[in-house]
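Survey of secondary and tertiary structure
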Amino acid sequence: MKAPGAAEFVPEGADLARLRQAACHCRGCDLYRHATQTVFGAGPANADVVVIGEQPGDQEDVLGQPFVGPAGRLLDRALAEADIDRDAVYATNAVKHFKFVERGKRRIHKTPGRTEVVACSAWLDAELDLLRPRLVVCLGAIAAQAVLGPSFKVSAQRGEVIEAEDYRVVATVHPSAVLRAPDRAEAYAAFVADLRIVRAQLGNSAAAR
Ligand code: URA
Ligand code: SF4
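These numbers come from a predicted model, not from an experiment.

Another point: the sheet that holds strand β2 (residues 89–93). Pairing between sheet strands relies on hydrogen bonds along the backbone, with the strands arranged either parallel or antiparallel. Taken together, five strands build an open sheet; the order of strands is β2-β1-β5-β7-β6 and the sheet is mixed. This sheet does not close on itself; its edge strands, each paired only once, are β2 and β6 (161–163). With strand direction ignored, the average angle separating the axes of adjacent strands in the sheet is 25 degrees. Note: strand β1 (residues 49–53) against strand β5 (residues 135–139), four bridges, orientation parallel. Bridge pairing in β5 links Ile 52 to Cys 138. Most of the contacts of helix α4 (residues 114–131) go to β2, to which it runs at about 165 degrees, and overall it touches β1, β2 and β5.

Here you go:
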């Protein structure tokens, strides 16, 4: 029997375009029930850098693209400031459907649970297998724990270059945490500093500006 979760929806031998298409029909956990659509990763298939967030937000859910809302705009700005070419980066999320609670007309982000992260990991694994990036950047605890295991602590190890089997990993905070920080300027500067560590790893990569 196959493990529960997204695995049974992931087609074998597919390229990114086919994966993205198949992910539209995923029912690997309950999150597809209330979200508008699957938000799959986006970016060039030859990207050296993969940035992983948590899950699509409200605007991503509506538009079907990752990192197009406020957190995405902050990410774009910070990447540019760290001299990383945004267009050469593949961006995706640990969980591909928006999890939220309704408060009146607003949909408030709800952090995905470990069950949902594990259920959705087959999509992330398939993306990383095809992309074979040099460097993986994890934004926030959910992404970092999806890649590095549930005991990983971003607060203790942010900005460290971690050697994984197939690529190096740098974990940092989530751009939404920067937007919520009491001292936003300081949080933003620390976020850019972590991205500069990523930039320093890129050598002659197309992502290095
Ligand atoms: N936050 C994320 O983690 N991912 C997105 O795609 C948008 C906001
Ligand atoms: Fe499938 Fe992931 Fe969506 Fe759950 S969140 S239904 S596992 S794509």
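With that out of the way, let us pick up the environment of Leu 131. By secondary structure assignment, the location of Leu 131 is in helix α4. Leu 131 sits in the buried class, given a relative accessible area of 6%. Distance from Leu 131 to Ala 71, taken between C-alpha atoms, is 24 Å for residues 60 residues apart in sequence. Residues within four places of Leu 131 in sequence aside, it is in contact with Leu 16, Pro 44, Ala 45, Ala 47, Val 50 and Tyr 90.

What follows covers helix α8 (residues 184–200). Spanning 17 residues, α8 covers 24 Å between terminal C-alpha atoms, matching the ideal 24 Å at 1.5 Å per step. Considered for burial, the residues of α8 that qualify are Ala 187, Tyr 188, Phe 191, Val 192, Asp 194, Leu 195 and Val 198. Looking down the long axis of α8, one finds its buried residues gathered within 155 degrees of arc, a one-sided arrangement. For α8, the exposed residues set more than 90 degrees away from the buried face come down to Ala 185, Glu 186 and Ala 200. Sitting at the head of α8, Asp 183 places a side-chain oxygen 3.4 Å from the backbone nitrogen of Ala 185.

A few words on the pairing of β5. Counting buried positions over the five residues of β5 gives five, a clear majority of the element. With burial as the criterion, each face of β5 is covered, one bearing Leu 135, Val 137 and Leu 139 and the other bearing Val 136 and Cys 138. In this sheet, strand β7 (residues 168–172) lies alongside β5 in parallel orientation, the contact comprising five bridges. Considered in β7, the bridge of Leu 139 is made with Thr 172.

Our focus in this paragraph is the site of ligand 1. Around ligand 1, the surrounding shell consists of Gly 53, Glu 54, Gln 55, Pro 56, Gly 57, Glu 60, Pro 66, Phe 67, Asn 93 and His 174. Between Phe 67 and ligand 1, the recorded distance is 2.9 Å, taken from a backbone N or O atom to an oxygen atom. Here the shell around ligand 1 is built from residues that sort into three nonpolar, five polar and two charged.

About the criteria used
- Residues numbered from 1 in each chain as written.
- Chains lettered and ligands numbered in written order.
- Predicted model: local features only at pLDDT ≥ 70, side-chain atom pairs only at ≥ 80, totals over all residues.
- Heavy atoms only, no water.
- Pairing = 2+ DSSP bridges.
- Helix = DSSP H or I, 4+ residues; strand = E, 2+ residues; numbered from the N terminus.
- Axes fitted to C-alpha atoms, helices over the stretch in contact; angles between N-to-C directions.
- Contact = heavy atoms within 4.5 Å.
- Buried < 20%, exposed > 50% of the residue type's maximum accessible area, 1.4 Å probe, protein only.
- Expected span 1.5 Å × (residues − 1).
- Arc of directions from axis to C-beta.
- Polar contact = N/O pair within 3.5 Å; in protein donor to acceptor, adjacent residues only side chain to side chain.
- Near = heavy atom within 4 Å.
- Nonpolar A, V, L, I, M, F, W, Y, C, P; charged D, E, K, R; others polar.

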